[in-house]
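# Working through the structure, step by step
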4 protein chains.
Amino acid sequence: MTDKVETGGAATLPDIQKTPDTRNIAIDKVGVRGVKFPISVLDRANERQHTIGNFTLTVDLPAEFKGTHMSRFLEALNAAGREISVTSLPSLLHDMTERLHARQAHVDVVFPFFVEKRAPVTGQSGMMEFTCGFSAEGNGKFDIELMVQAPVATLCPCSKEISDYGAHNQRGVVTVKLRSNDHIWLEEIIDVIEASASCALFPVLKRPDEKWVTERAYENPRFVEDVIREVAVRLDSDSRVTGYEIEVENHESIHAHNAYAWLRREK
Amino acid sequence: MTDKVETGGAATLPDIQKTPDTRNIAIDKVGVRGVKFPISVLDRANERQHTIGNFTLTVDLPAEFKGTHMSRFLEALNAAGREISVTSLPSLLHDMTERLHARQAHVDVVFPFFVEKRAPVTGQSGMMEFTCGFSAEGNGKFDIELMVQAPVATLCPCSKEISDYGAHNQRGVVTVKLRSNDHIWLEEIIDVIEASASCALFPVLKRPDEKWVTERAYENPRFVEDVIREVAVRLDSDSRVTGYEIEVENHESIHAHNAYAWLRREK
Amino acid sequence: MTDKVETGGAATLPDIQKTPDTRNIAIDKVGVRGVKFPISVLDRANERQHTIGNFTLTVDLPAEFKGTHMSRFLEALNAAGREISVTSLPSLLHDMTERLHARQAHVDVVFPFFVEKRAPVTGQSGMMEFTCGFSAEGNGKFDIELMVQAPVATLCPCSKEISDYGAHNQRGVVTVKLRSNDHIWLEEIIDVIEASASCALFPVLKRPDEKWVTERAYENPRFVEDVIREVAVRLDSDSRVTGYEIEVENHESIHAHNAYAWLRREK
Amino acid sequence: MTDKVETGGAATLPDIQKTPDTRNIAIDKVGVRGVKFPISVLDRANERQHTIGNFTLTVDLPAEFKGTHMSRFLEALNAAGREISVTSLPSLLHDMTERLHARQAHVDVVFPFFVEKRAPVTGQSGMMEFTCGFSAEGNGKFDIELMVQAPVATLCPCSKEISDYGAHNQRGVVTVKLRSNDHIWLEEIIDVIEASASCALFPVLKRPDEKWVTERAYENPRFVEDVIREVAVRLDSDSRVTGYEIEVENHESIHAHNAYAWLRREK
């Protein structure tokens, strides 16, 4: 689907999208999804890093118009340039409402985010990937949500308590979405998640490091219920955070299904 | 994670989950996810069909308890038997609140659902799969949502209008979630979705059928905006429907990204 | 894409697929993919179980023909009925070569397969899902491969050895593909895989069971290298097995990446 | 799993992986999978582009050793730096065989690759993503395979021929893997794929462009059989190409399943 004509010869092509619609149904969100675009994002250690965004861009559509002009979302994204941050999103939202004559605009972007991590004993360095994102909507005022999804290790408190030796542990995935009244680094949210688990994961571990992470997880048993509460306690005590949603999913190493916890809070 | 002891010898195993928690954080939902279970569901044509459910089962956890008892969710599912329907879900929800001493319980299940479909001209028969589901929550009263996801064909009205011949078309996916005050068959929702697109899809098409579906799609051009409005108009006029959410995603055959529309209504 | 005309009025529709092709390129495999179809498969405990197959059906296409007749694959599948087994596949392959005038036919089907499993101490029962499949090709003689993918628990021998307490463990996935000269139950392959890991997974575990599986895994540490060799040793000693391929992927609970091993043998 | 000790205090940690194994099973490939790492790759238009690799790194393991040293794969990747190309892969393979005392090493990497594309009439520019990759193995000599996966539009020749107006078309995905005796740009393979389809896809299309792509697809009907043969003819005529494998999968807009073709050739 495309829109207004820009070349002379084609100037008489009709604009179907602008024709009136009589069904009297306004649409909450209409736009494009699965748009991949190379971006750079802010990074506490290196100022910025190159990554790849997967975008959903939408606006509201009043009841009286038949369709939106899909190509303008891509034009807005191209015009925004490749630097995407919490501070640049309001102007992209504003540009979308202008180009599409809309009252409300939404940008969702998810991207891989790399952090250099050092092994806890040997200090060996490597890159570890987290899935991060921004979700922004604007209609005059702007509301932006950060998203961080981080894999962690969890060790079962019950298994540790009842067993003569060992304790089942596994990879879990913690997802935090939050809104704030001041700048928060994605790396800060990663730190909160990792501190709430039995142990963080690392890209490179030599034997002394493996001994360290094994013993640390054993010393810090955590149910999904513990992980979600530990994250909540930390976010509650951060005055910049104004609301959040947390999800923890443990890939149980004793079951083929997952243990799961979810909560949402407004402050 | 497991719970109460049932065999003599192990009778002294401690119950860590029951120990008190001092962080003062109630958890909205805690339970199991990704539980696969063979089920049968109601089917308009054949009374019932065998399929496979992917379940998420959760309850609320008050602030004062350290953990829930994960194995009891599986026991509740086993006890419910393999017949899952809108009418059997309240007793599963009730059983979960009893077994887990919870105030609120949630069941989400998604399953493949097959409908026999006949080709429009030759009448050749085949099976076509739709992704369906139920989402139920209960705390005294029960709230149940049906979900149907159906693939359809959409043909672009703009492309048809501006081109001397042809028109781009593609597979799209329409997802409807709805609540109702009376029984609605999953097949009825499939019918609503298919009637709202440029053309339905079919498992088997011979040449006269292919001519028919090609011409029918060309005669019924639909943007994602049209499809979502056509579905909304049909649901608005059905007095059993008390609320709904619709999502349409077109796998555009001229772009690598998708066209997208979403709306939600309470009646 | 469709094929021969079966109704009177449409009898003059041309058959584009049968027109000659001058590019002189024979195609190894052409057909349909992602065909979902309700099936039942043989089951050691209950004779048969209902499940859902995801099929790829292909034939070879000689250089001289422009196209194959795609709808005939669906007709062959419908005609085969819903009972799919190692013994019924040759007739489906034969039917495909007849309907499509082909020399060679291929059927790949993957399906969820459920086994009732009892907890090791309390005997509590539940259903556990495995991903299984058949891959068959025929051109006069028939060659059939079984596939079983089973999740297991693995506990790291290095972590156990070097740590003062605990040992990291995790969910791993083992995939076995094998050819045989005699009947082998899918459940037999599942047994081989589970016996080769640190411990099997279970759908329902009460506290005494959880103690048992925790301690058992700790007593049986296994690298991916150990698991793959244990499976290989068992398959080598089974005279029915004529060839196999094994893949083990551990979702390491200390890393965000996986440990991996693969081997293939002809006997 | 980790390996040799590098810090003083831990110097007595045993090396379990080096202990002898008596099962007498050599393993074809053992290593790490799902390793995400930021890389840059060569780019015809801009010299290089930043992207994100998903790596599988493996070596063979002789029968006499219990395990490989998993952390050394990550060290080899870190040492290789972030510039990954066909010319840099041999030294990574060589380094892996050295660090792991192996005879054979394998590197598989898949990454998103962006190409700036201009709309065919208005020249409007945007970024389009392709999935690309390298697969390399080395044991003295090096064998490298390029992979390109590109989405395209296909319009059904049968549907066009038999219908009074319109023709069903859809998004298809073409995957080419090839070996060569000289440098080939990823963009050249993309060009081959796009030229073999009914029409290429574009990130931004205004109305005159949409008219152009609609009519062009209608003028160039292609079955999956045609697309695969067109790609094969072009690769056959390129003397640099020494072997290839092609897969075409059409997301049929008249069916819920896909049309599929596959072939492999050695030259």
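Being a predicted model, the structure only gives us computed values, none of them experimental. (Residues numbered from 1 in each chain as written. Chains lettered and ligands numbered in written order. Predicted model: local features only at pLDDT ≥ 70, side-chain atom pairs only at ≥ 80, totals over all residues. Heavy atoms only, no water.)

## Overview of the overall build of chain A
Note the cut-off: Note on conventions: DSSP H or I runs of at least 4 residues are helices, E runs of at least 2 residues are strands, and numbering of each starts at the N terminus. Working definition: with a 1.4 Å probe on protein chains only, accessible area under 20% of the residue-type maximum means buried, over 50% means exposed, and in between means partly exposed. Only four residue types enter the charge count: Lys and Arg as positive, Asp and Glu as negative, with His and the chain ends excluded. Here the site of a charge means NZ on Lys, CZ on Arg, CG on Asp, or CD on Glu.
The helix and strand inventory of chain A stands at six helices and nine strands. The buried share of chain A, taken over its 267 residues, is 63%. The averaged location of the 40 negative side-chain charges in chain A is 2 Å from the averaged location of its 31 positive side-chain charges.

## Quick look at the domain arrangement of chain A
All names here are of chain A. Counted only if it meets this: Where each domain starts and ends follows an automatic or database-derived domain assignment. Throughout, a contact is declared for two residues whenever any of their heavy atoms are within 4.5 Å. The buried area of a pairing is the accessible area, by a 1.4 Å probe, that goes missing from both parts when the two are put together, added over both. Within this document, salt bridges are pairs made up of a side-chain nitrogen of Lys or Arg and a carboxyl oxygen of Asp or Glu, the two lying within 4 Å of each other. The definition of a polar contact used here is a pair of N or O atoms within 3.5 Å, where within protein one atom must be able to donate a hydrogen and the other to accept one, and adjacent residues in sequence count solely through side-chain atom pairs.
As far as domains go, chain A holds domain 1 (26-111) and domain 2 (141-267). Inter-centroid distance (C-alpha atoms) of domain 1 to domain 2 is 30 Å. In this complex, domain 1 contributes 10 residues to the contact, which on the side of domain 2 involves nine residues. Carbon and sulfur atoms make up 78% of the area that domain 1 and domain 2 hide from each other, which totals about 860 Å². Here domain 1 is connected to domain 2 by one salt bridge. Between Arg 44 and Asp 191 there is a salt bridge, with its nearest N and O atoms 3.4 Å apart. Linking domain 1 to domain 2 there are two residue pairs in polar contact (both at pLDDT 80 or more). Of all the elements in the fold, those that place two or more residues in the side of domain 1 that touches domain 2 are β1 (27-43), α2 (89-99) and β3 (105-118). For the side of domain 1 that touches domain 2, the leading source of residues is α2, giving three residues.

## Re the pairing of strand β8 (residues 241-250) of chain C
All names here are of chain C. Heads up, the rule is: In this scheme, strands are said to pair when DSSP sees at least two bridges between them.
Judged by how many residues are buried, β8 sits mostly within the fold: eight of 10 residues are covered. With nine bridges joining them, strand β6 (residues 169-180) and β8 adopt antiparallel strand pairing. When the sheet's bridge partners are listed, Ser 180 is paired in β8 with Val 241. Taken together, the eight bridges between β8 and strand β9 (residues 258-266) define a ladder with antiparallel strand orientation. Opposite Gly 243, over in β9, you have Glu 266 as the bridge partner.

## Some points on helix α2 (residues 89-100) of chain D
All names here are of chain D. So the rule is basically this: Multiplying one less than the number of residues by 1.5 Å gives the expected span of a helix.
Here α2 is 12 residues long and its end C-alpha atoms lie 16 Å apart, about the 16 Å a rise of 1.5 Å per residue gives. Where the residues of α2 are buried, they touch β2 (47-61), α1 (71-80), β3 (105-118), β4 (125-139) and β5 (141-155). Positive phi appears at His 101, one or two residues downstream of α2, with a value of about 50 degrees.

## Observations regarding the pairing of strand β1 (residues 27-43) of chain C
With 14 bridges connecting them, β1(C) and strand β2 (residues 47-61) of chain C associate as antiparallel partners. Bridging from a neighbouring strand, Arg33(C) pairs with Thr56(C) of β2(C). Linking β1(C) back to β2(C) in an antiparallel pair, the connection comprises three residues. One ladder, built from five bridges, connects β1(C) with strand β9 (residues 258-266) of chain D; its direction is antiparallel. Opposite Val32(C), over in β9(D), you have Ala259(D) as the bridge partner.

## What about unusual backbone geometry?
For His101(A), which is not glycine, the phi dihedral falls at a positive 50 degrees. Residue classification places His101(A) among the exposed positions, given a relative accessible area of 64%. Phi is positive for Asn24(D), close to 60 degrees, though the residue is something other than glycine. Take Asn24(D): it is sitting in the segment before β1 (27-43).

## Quick word on the packing of aromatic side chains
What counts here: Between 30 and 60 degrees the pair is tilted, below 30 it is stacked and above 60 it is edge-to-face, where a pair is any two Phe, Tyr or Trp rings, Trp via its six-membered ring, whose centres lie within 6.5 Å. Consider the ring centre and the ring normal. A charge sits over the ring if Lys NZ or Arg CZ is within 6 Å of that centre and within 35 degrees of that normal.
Considering all chains together, one arrives at 16 aromatic pairs over all chains under this definition. Aromatic pair Tyr165(A) and Tyr218(C): ring centres 5.3 Å apart, planes at 35 degrees, arrangement tilted. Taken together, the positions of Tyr165(A) in the loop between α3 (157-162) and β6 (169-180) and Tyr218(C) in helix α5 (residues 207-219) put the pair across two chains. When the centroid spacing of 6.5 Å and the interplanar angle of 70 degrees are considered together, the rings of Phe111(C) and Phe113(C) count as edge-to-face. A relative accessible area of 0% means that Phe113(C) is categorised as buried. Of the aromatic side chains, those joined through ring pairs into one cluster are Phe111(A), Phe113(A) and Phe134(A). A cation over an aromatic ring shows up here: Lys160(C) above the ring of Tyr218(C), its NZ or CZ 4.7 Å from the ring centre. Lying across the ring of Trp262(C), Lys29(D) places its NZ or CZ 5.5 Å from the centre.

## Observations regarding the pattern of salt bridges
By the definition in use, this model includes 96 salt bridges over all chains. Note that Arg99(A) is salt-bridged to Asp95(A), the shortest N-O span being 2.9 Å. With Arg99(A) and Asp95(A) both in helix α2 and four residues apart, this pair spans about one turn of that helix. Given a relative accessible area of 22%, Asp95(A) falls into the partly exposed group. For Asp21(C), the salt bridge goes to Arg229(D), with nearest N and O atoms at 3.5 Å. Within this pair, whereas Asp21(C) is found in the segment before β1, its partner Arg229(D) is found in helix α6 (residues 224-236), the two belonging to separate chains. Arg229(D) carries the same exposure label as Asp21(C), and that label is buried. Because the salt bridges share partners, they merge into one network encompassing Asp21(A), Arg23(A), Lys66(A), Asp226(B), Arg229(B), Glu230(B) and Arg234(B).

## Re the relation of the copies chain A and chain B
Condition: A residue counts toward the fit only if its pLDDT is at least 70 in both copies, and the copies are then superposed by least squares on the C-alpha atoms of those residues.
When chain A is brought onto chain B, the operation consists of a screw motion whose angular component is 180 degrees and whose axial shift is 0.0 Å, with 0.0 Å RMSD remaining. Within this description, the copies of the chain are treated as partners about a two-fold rotation axis. Taken together, the interface assignments show that 100% of the residues at the interface of chain A recur at the interface of chain B, consistent with an identical surface on both copies.

## With respect to the relation of the copies chain A and chain C
Overlaying chain A with chain C gives an RMSD of 0.0 Å, the required rotation being 180 degrees about an axis along which the chain moves by 0.0 Å. Of the residues that chain A buries at the interface, 100% are likewise interface residues in chain C, meaning the two copies contact each other through the same surface.

## Observations regarding the interface of chain A and chain B
When the parts of a complex come together, some accessible area is lost, and that lost area is often taken as the interface size. Counting residues at the interface gives 62 residues for chain A, matched by 62 residues for chain B. Taken together, both faces of the contact between chain A and chain B bury some 4900 Å²; the carbon and sulfur share is 59%. Inspection of the chain A/chain B interface yields 14 salt bridges. Across the pair Lys66(B) and Asp226(A) runs a salt bridge whose closest N-O atoms are separated by 2.9 Å.

## Quick notes on the interface of chain A and chain C
Contacts between the two partners involve 37 residues from chain A and, on the opposite side, 37 residues from chain C. Between chain A and chain C lies a buried interface of about 3100 Å² when both sides are counted; carbon and sulfur atoms form 54% of it. Of all residues in chain A, Tyr165(A), Arg171(A) and Ile254(A) bury the most surface against chain C, accounting for 21% of the area lost on that side. Across the contact surface, chain A and chain C share two salt bridges. Lys211(C) is the salt-bridge partner of Asp164(A), the closest N and O atoms lying 3.2 Å from each other. Counting across the interface, chain A meets chain C through 27 residue pairs in polar contact (both at pLDDT 80 or more).

## Some remarks on the packing of helix α1 (residues 71-80) of chain C against helix α2 (residues 89-100) of chain C
Residue and element names in this part refer to chain C. Applicable threshold: Here, axes are lines fitted to C-alpha atoms. For helices the fit covers the stretch in contact, and angles between N-to-C directions go from 0 to 180 degrees. The crossing is said to be left-handed when, going from far helix to near helix, the turn is anticlockwise and less than a right angle, and right-handed when the turn is clockwise. Polar here means any residue other than Ala, Val, Leu, Ile, Met, Phe, Trp, Tyr, Cys and Pro, which are nonpolar, and Asp, Glu, Lys and Arg, which are charged; Gly is therefore polar.
It is the contact of α1 with α2, at a shortest axis distance of 10 Å, that shows an interaxial angle of 145 degrees. Crossing of α1 over α2 shows right-handed handedness. Every residue of α2 that contacts α1 at Arg 72, Phe 73, Glu 75, Ala 76, Leu 77, Ala 79 and Ala 80 is listed here: Leu 92, Asp 95, Met 96, Arg 99 and Leu 100. In terms of residue class, the contact of α1 with α2 is made up of eight nonpolar, no polar and four charged.

## A look at the environment of Asp238(B)
Within the element layout of this structure, Asp238(B) appears in the loop between α6 (224-236) and β8 (241-250). According to the relative accessible area criterion, Asp238(B) is buried, its value standing at 19%.

## Considering the confidence of the model for chain A
Residues and elements named next belong to chain A. The cut-off we apply is this: A residue's pLDDT is the predictor's confidence in that residue, given on a scale from 0 to 100.
In the predicted model, chain A carries a mean pLDDT of 93, and the fraction of residues at 70 or more is 96%. For residues 1-10, every residue scores under 50 in pLDDT, and the model assigns this stretch 45 contacts once sequence neighbours within four places are set aside. Quick note on the complex model: pTM equals 0.95, ipTM equals 0.93.

## Concerning helix α6 (residues 224-236) of chain C
All names here are of chain C. Between its terminal C-alpha atoms α6 stretches 18 Å, which fits the 18 Å expected from 13 residues at 1.5 Å a residue. Of all the 13 residues making up α6, 10 are buried; the element is thus mostly covered by neighbouring parts of the structure. Looking at α6, one finds that the buried residues are Val 224, Glu 225, Asp 226, Val 227, Ile 228, Arg 229, Glu 230, Val 231, Ala 232 and Leu 235.

## Observations regarding the side chain of Ser159(B)
Its location among the elements puts Ser159(B) in helix α3 (residues 157-162). Residue contacts for Ser159(B): discarding those within four places in its chain leaves Gly166(B), Ala167(B), His168(B), Glu210(D) and Thr214(D).

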